[in-house]
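One letter stands for each residue in the lines below.
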Amino acid sequence: KALNIKKAINSPTFTILKTYHGDKILNHIDAYRLENGSQDLGFEELFDDGITIIEWPQFMSEYLPEERLEISIKRLDEEERLFEFVACGDRYEHILKELVK
């Protein structure tokens, strides 16, 4: 909502990547199907502009930017989730500090 994206945002499971346009570009990657292959799909270019969210990032770890914000979501039960944030780099350490104020 904060990006003013009008379309519903859902998992790109069958297409690997979905791009949404709002105040900023939002790229949503589901890397699950990349588990058994390592091909150059040009994802590095997505990290230059906008925001990129990656599900199953371990399947494309070689393409991840050195500086990033990692977010893990753990299911505690049917209704409750635990969010864990790890900042990689000064920029994301600053962003994380602002988030937890």
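All of the points below concern the structure found in this document.

Rules and cut-offs
Residues numbered from 1 in each chain as written. Predicted model: local features only at pLDDT ≥ 70, side-chain atom pairs only at ≥ 80, totals over all residues. Heavy atoms only, no water. Salt bridge = Lys/Arg side-chain N within 4 Å of Asp/Glu carboxyl O. Buried < 20%, exposed > 50% of the residue type's maximum accessible area, 1.4 Å probe, protein only. Helix = DSSP H or I, 4+ residues; strand = E, 2+ residues; numbered from the N terminus. Polar contact = N/O pair within 3.5 Å; in protein donor to acceptor, adjacent residues only side chain to side chain. Contact = heavy atoms within 4.5 Å. Phe/Tyr/Trp six-rings, centres within 6.5 Å; stacked < 30°, edge-to-face > 60°.

With the rule as written, the count across this model stands at three salt bridges. The partner of R75 in a salt bridge is E78, with the nearest N and O atoms 2.9 Å apart. The same class applies to R75 as to E78, namely exposed.

Right, let's get into the side chain of H28. Tracing the backbone shows H28 in strand 2 (residues 25-30). What makes H28 buried here is its relative accessible area of 9%. A distance of 3.4 Å separates a polar side-chain atom of H28 from the backbone oxygen of N10. A polar contact is formed between the side chain of H28 and the side chain of E55, at a distance of 2.6 Å. Other than its neighbours up to four places away in sequence, H28 contacts I9, N10, S11, P12, I16, L17, K18, Y20, I53 and E55.

Scanning the entire structure with this criterion turns up three aromatic pairs. Between Y32 and F59, the ring centres sit 6.0 Å apart and the planes meet at 70 degrees, which makes this aromatic pair edge-to-face. A residue pair is termed long-range when its members are at least 10 positions apart, and Y32 in the loop between strand 2 and strand 3 (51-55) and F59 in the loop between strand 3 and strand 4 (68-75) qualify at 27 residues. A relative accessible area of 43% means that Y32 is categorised as partly exposed. The exposure class assigned to F59 is buried, which follows from its relative accessible area of 17%.

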